[in-house]
Amino acid sequence: MKLSRRDFITTAAAATATAGLSSPLFAAGDTDLTALYDRALVIDTLSFGRKWDEEEYKAVDQSGYTGIITSLNRHSLKVALDELLEWHRRVEEEPNRFLLALKADDFLTAKKTGRMAVMLNFQNSTMLEGDTDNIDVLYEMGMRCFQLTYNSRNLVGDGSTERTNAGLSDFGLEVVERMNKLGIIVDVSHSGKQTTMDAIHFSDKPIAFTHTMCESLRPGHPRAKEDAALKALADKGGVAGIAALGYFLGKKPGVETTIETYVDHIDHAVKVMGLDHVGLATDFPVRGIASWATRENWYEPRLKNFKPVYDVQWPSWIPELDGPDRFRNLLPVLDRRGYSTGDMEKLLGLNWMRLFRDTLG
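So, here's what we can say about the structure. Bear in mind that the values here come from a model prediction, so they are computed numbers and not experimental data. (Residues numbered from 1 in each chain as written. Predicted model: local features only at pLDDT ≥ 70, side-chain atom pairs only at ≥ 80, totals over all residues. Heavy atoms only, no water.)

**Topic: the pairing of strand β5 (residues 116–122)**
Using the following cut-off: Relative accessibility thresholds used throughout: buried, under 20% of the residue-type maximum; exposed, over 50%; partly exposed, between the two (1.4 Å probe, protein chains only). In this text, helices come from DSSP runs of H or I with a minimum length of four residues, and strands from runs of E with a minimum of two, each type numbered from the N-terminal end. Two strands are said to pair when DSSP picks up at least two bridges between them. When the strands point away from the viewer, a crossover counts as right-handed if the path from the first strand over the helix to the second runs clockwise.
Counting buried positions over the seven residues of β5 gives seven, a clear majority of the element. As paired elements, strand β3 (residues 67–69) and β5 share three bridges and run parallel to each other. Looking at β5, one finds that I69 is bridged to M119. As paired strands, strand β4 (residues 98–100) and β5 are joined by three bridges and run parallel to one another. Paired with L100 across the strands is V118, a residue of β5. Handedness of the crossover joining β4 and β5 through helix α5 (residues 105–113) is recorded here as right-handed. Relative to strand β6 (residues 143–147), β5 is paired through three bridges, and the arrangement is parallel. The residue of β6 that forms the bridge with L120 is M143.

**Here we look at a negative patch on the surface**
Quick reminder of the rule: Patch construction takes residues with relative accessible area above 30% that form no salt bridge. Like charges are linked within 9 Å, and nonpolar side chains (Val, Leu, Ile, Met, Phe, Trp, Tyr) are linked within 5 Å. The protein chains shown are the only cover counted for residues, whose accessible areas, like all others here, come from Shrake-Rupley with a 1.4 Å probe. Salt bridge, as used here: a side-chain nitrogen of Lys or Arg that lies within 4 Å of a carboxyl oxygen of Asp or Glu. Neither His nor the chain ends is counted toward charge; the positive residues are Lys and Arg and the negative residues Asp and Glu. Each charge is placed at NZ for Lys, CZ for Arg, CG for Asp and CD for Glu.
Negative charge collects at one region of the surface, where D170, E174, E177 and D204 lie side by side. The residue D170 is located in helix α7 (residues 170–182) in this model.

**What to know about the pattern of salt bridges**
A complete count under the given rule lists 24 salt bridges for this structure. Two residues, D82 and K78, come together in a salt bridge whose shortest N-O distance is 3.0 Å. Of this pair, D82 and K78 both sit in helix α4 (residues 77–93), four residues apart, which is roughly one turn of that helix. A relative accessible area of 36% means that D82 is categorised as partly exposed. Here K78 falls in the exposed class, since its relative accessible area comes to 59%. Between R178 and D133 there is a salt bridge, with the nearest N and O atoms lying 3.2 Å from each other. With R178 in helix α7 and D133 in helix α6 (residues 133–140), this pair connects stretches of sequence that are 45 residues apart.

**Quick notes on the nonpolar core**
Quick note on the threshold: Residue types Ala, Val, Leu, Ile, Met, Phe, Trp, Tyr and Cys, when buried and joined through side-chain atoms within 4.5 Å, form a set referred to as a nonpolar core. Contacts were defined at the residue level, with two residues in contact if any of their heavy atoms lie within 4.5 Å.
Formed by 92 residues in total, the largest nonpolar core has its most connected members in F146, L148, Y262 and I266. Element by element, the count of residues in this core is highest for helix α11 (residues 259–273), at seven residues. Setting aside chain neighbours within four positions, we find I266 in contact with I242, V278, L280, L330, Y339 and L347. With 21 residues, the next largest nonpolar core counts L99, F107, A117 and L360 among its residues.

**Observations regarding the packing of α11 against helix α14 (residues 326–336)**
Pairs of packed helices are described in terms of their axes, by the angle between the two and the distance that separates them. For the record, the criterion: Orientation is described by lines fitted to C-alpha atoms, with helices fitted over the stretch in contact, and by angles between N-to-C directions that extend from 0 to 180 degrees. Oblique is the label for any angle not covered by the other classes, which are roughly parallel (under 35 degrees), roughly antiparallel (over 145) and roughly perpendicular (65 to 115). Crossing handedness follows the turn of the near helix against the far one: under a right angle anticlockwise gives a left-handed crossing, and clockwise gives a right-handed one.
With their axes 10 Å apart at the nearest point, α11 and α14 run at an angle of 65° to one another. Here α11 lies roughly perpendicular to α14, going by the angle between them. When the axes of α11 and α14 are compared, the crossing they make is right-handed. Only F327, N329, L330, V333, L334 and R336 of α14 make contact with α11, whose side of the interface consists of I259, E260, Y262, V263 and I266.

**Examining the packing of aromatic side chains**
The condition that has to hold: In summary, the pairing rule links any two rings of Phe, Tyr or Trp, Trp by its six-membered ring, whose centres are within 6.5 Å, and it sorts them by plane angle into stacked for under 30 degrees, edge-to-face for over 60 and tilted for everything else. We call a charge positioned over a ring when the NZ of a Lys or the CZ of an Arg lies within 6 Å of the ring centre and within 35 degrees of the ring normal.
Inspection of every chain in the model, using the stated rule, returns 14 aromatic pairs. Considering the side-chain rings of W298 and W314, the 6.2 Å spacing of their centres and the 40° angle between planes classify their relative orientation as tilted. With a gap of 16 residues between them, W298 in helix α12 (residues 295–305) and W314 in the loop between α12 and α13 (319–322) connect regions that are remote in the sequence. Exposure remark for W314: the relative accessible area of 25% places this residue in the partly exposed category. With centroids separated by 4.3 Å and ring planes inclined at 15°, the aromatic side chains of F306 and Y310 adopt a geometry described as stacked. Residue F306 is classed as buried on the basis of its relative accessible area of 15%. Here the aromatic cluster, defined as three or more aromatic residues joined through ring pairs, consists of Y247, F248, W298, Y299, F306, Y310, W314 and W317. Its guanidinium or amino end placed over the ring of W87, R90 lies 4.5 Å from that ring's centre, counting from NZ or CZ.

**With respect to the packing of helix α9 (residues 227–235) against α11**
In the contact formed by α9 and α11, the axes pass within 9 Å of each other and the chain directions differ by 60°. The orientation of α9 relative to α11 falls into the category oblique. Judged by the twist between their axes, the crossing of α9 over α11 is right-handed. Here α9 contributes D227, L230, K231, L233 and A234 to the contact with α11, which in turn contributes H268, V272 and M273.

**Some points on the side chain of R218**
Convention followed: Residues adjacent in sequence count toward polar contacts only when both atoms are side-chain atoms; beyond that, a polar contact is any pair of N or O atoms within 3.5 Å, and within protein one must be able to donate a hydrogen and the other to accept it.
Its location among the elements puts R218 in the loop between β8 (208–214) and β9 (224–225). In this structure the side chain of R218 is engaged in a polar contact, spanning 2.8 Å, whose partner is the backbone oxygen of Y247. Beyond its immediate sequence surroundings of up to four residues, R218 is in contact with M213, A224, Y247, F248, L249, G250, K251, H265, D311 and Q313.

Rendered as structure tokens:
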């Protein structure tokens, strides 16, 4: 999958057209992976700030991220609205650092202006409080993505660790229809198997697994998606983001489970879904986990909050993927596996851009 100089330039030009950029991503003959990364659109579809402070801002700068889908507190409608307001204030206070992502082209604007686009997302639908009209309210406040369920059952459907597997409720179908109408990404990363398949089937637009992994390589983990779900997602035009959280990918992160394991999941998803339907995600702060987490403040609470089948482990991270330069570190591994420069661009962000255009406008 290596490119000749002529093929490289052709691929770069095609990728530029796909992204909607007005100038080439690469200079003629520039095959350096560092330059590729610096000029590419880099989108992490589940990340956040442990604290949005100077340390996190420094990590954002180091990451080279074009944008993220972030995670907000969804305890209630009031809490959700307060969270959205807080982000509006943050952008007002840091206009040279952040840009709210309300449409696909906002990611291009962020890249051109040296900012990070932030798509506001909730990892559950509990903040709807059983009323689809609240989707409109949240949309007007800037929400552009949310998960139908988290791990347990809600009014929309069953989550990934729920004992039953009932799929979407009637209310859930109404929620999906309203999301499609407004232009909100349907996400089922934490949803149960039938809820996942129902969402793919009933959604008029492509949907997302913003942060997941392959069940074939992590058998029995409730957060992993089976090949049938990955293929169904791709067949409807969706994209799956492969999460970089160590214990999602395998046993003993940093020892048995390494950055190579992460690429194993990418490889498998590409094999099942096709290259155009796979992206990257983390499911942890931009700064990473190791710099601040302890067994007491990170590991032990998760043992209480998640069922044993979640297989939470300590340490939880893969060192090469924990720091802000995680996806920069990924490129040499992808290169050794035979991914072309154009392939890498798609994984880094162009596949998400296509989904955003198909769903958000």
